[in-house]
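# Working through the structure, step by step
This is what each chain is made of:
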Amino acid sequence: MRCADVRIAVSARVDGEAGPPAVADAAVDAHLRECGECRRWGERARELRRLAAALDEEG
Ligand SMILES: [Zn+2]
């Protein structure tokens, strides 16, 4: 699985959306266990999502 595909799926997950049907959840999890860069990318995505939600609430 390519990092780019994993990141699309992780991004959808962070947004609470279903990932691309071609990308299996288990494969994404397996990739995240092995790929530190994608793990960090996912953490950043979650953090940005959290900050955006906080701004919305202050709105
Ligand atoms: Zn990766």
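Please read all numbers here as calculations on a predicted model, not as lab measurements.

### Here's the deal with the overall build of the chain
- Check the secondary structure of the chain and you find three helices and zero strands.
- Overall, the chain shows an N-to-C arrangement of helices and strands of α-α-α.
- With respect to the principal axes defined by its C-alpha atoms, the chain has extents near 40 × 25 × 15 Å.
- Between the averaged position of the 10 positive side-chain charges in the chain and that of its 12 negative side-chain charges there is a distance of 6 Å.

### Some thoughts on the coordination of the zinc ion
- On the protein side, the zinc ion has Cys-3 (SG), His-31 (NE2), Cys-35 (SG) and Cys-38 (SG) as donor atoms, found 2.0 to 2.4 Å from it.
- Site description for the zinc ion: donor spacing in sequence, C-x27-H-x3-C-x2-C. Of the two residues examined, Cys-35 and Cys-38, each falls in the buried class.

### Re the side chain of His-31
- Secondary-structure assignment places His-31 in helix H2 (residues 25–34).
- What His-31 contacts, discounting residues up to four positions off in sequence, is Met-1, Arg-2, Cys-3, Val-6 and Cys-38.

### Topic: helix H1 (residues 3–14)
- A rise of 1.5 Å per residue sets the reference length of H1, with its 12 residues, at 16 Å; its end C-alpha atoms lie 16 Å apart and thus fit the reference within 8%.
- Listing the buried residues of H1 in full gives Val-6, Ala-9, Val-10, Ala-12 and Val-14.
- Count one or two residues on from H1 and you reach Gly-16, which has phi positive near 75°.

### Overview of H2
- For H2, the complete set of buried residues consists of Val-28, His-31 and Leu-32. Angularly, the buried residues of H2 cover 100° about the axis, an arc narrow enough to put them on a single face. The outward face of H2, more than 90 degrees from its buried face, is lined by the exposed residues Ala-26, Arg-33 and Glu-34.
- Residues of H2 that are buried make contact with H1 and helix H3 (36–58).

### Some thoughts on the environment of Leu-55
- Here Leu-55 shows up in helix H3.
- A relative accessible area of 57% places Leu-55 in the exposed class.
- Spatially, the C-alpha atom of Leu-55 lies 15 Å from that of Asp-15, the residues being 40 residues apart in sequence.

How each quantity is defined
- Residues numbered from 1 in each chain as written.
- Predicted model: local features only at pLDDT ≥ 70, side-chain atom pairs only at ≥ 80, totals over all residues.
- Heavy atoms only, no water.
- Helix = DSSP H or I, 4+ residues; strand = E, 2+ residues; numbered from the N terminus.
- Lys, Arg positive; Asp, Glu negative; His and termini not counted.
- Charge placed at Lys NZ, Arg CZ, Asp CG, Glu CD.
- Donors = N, O, S within 2.8 Å, 3.2 Å for Na, K, Ca; no water.
- Buried < 20%, exposed > 50% of the residue type's maximum accessible area, 1.4 Å probe, protein only.
- Contact = heavy atoms within 4.5 Å.
- Expected span 1.5 Å × (residues − 1).
- Arc of directions from axis to C-beta.

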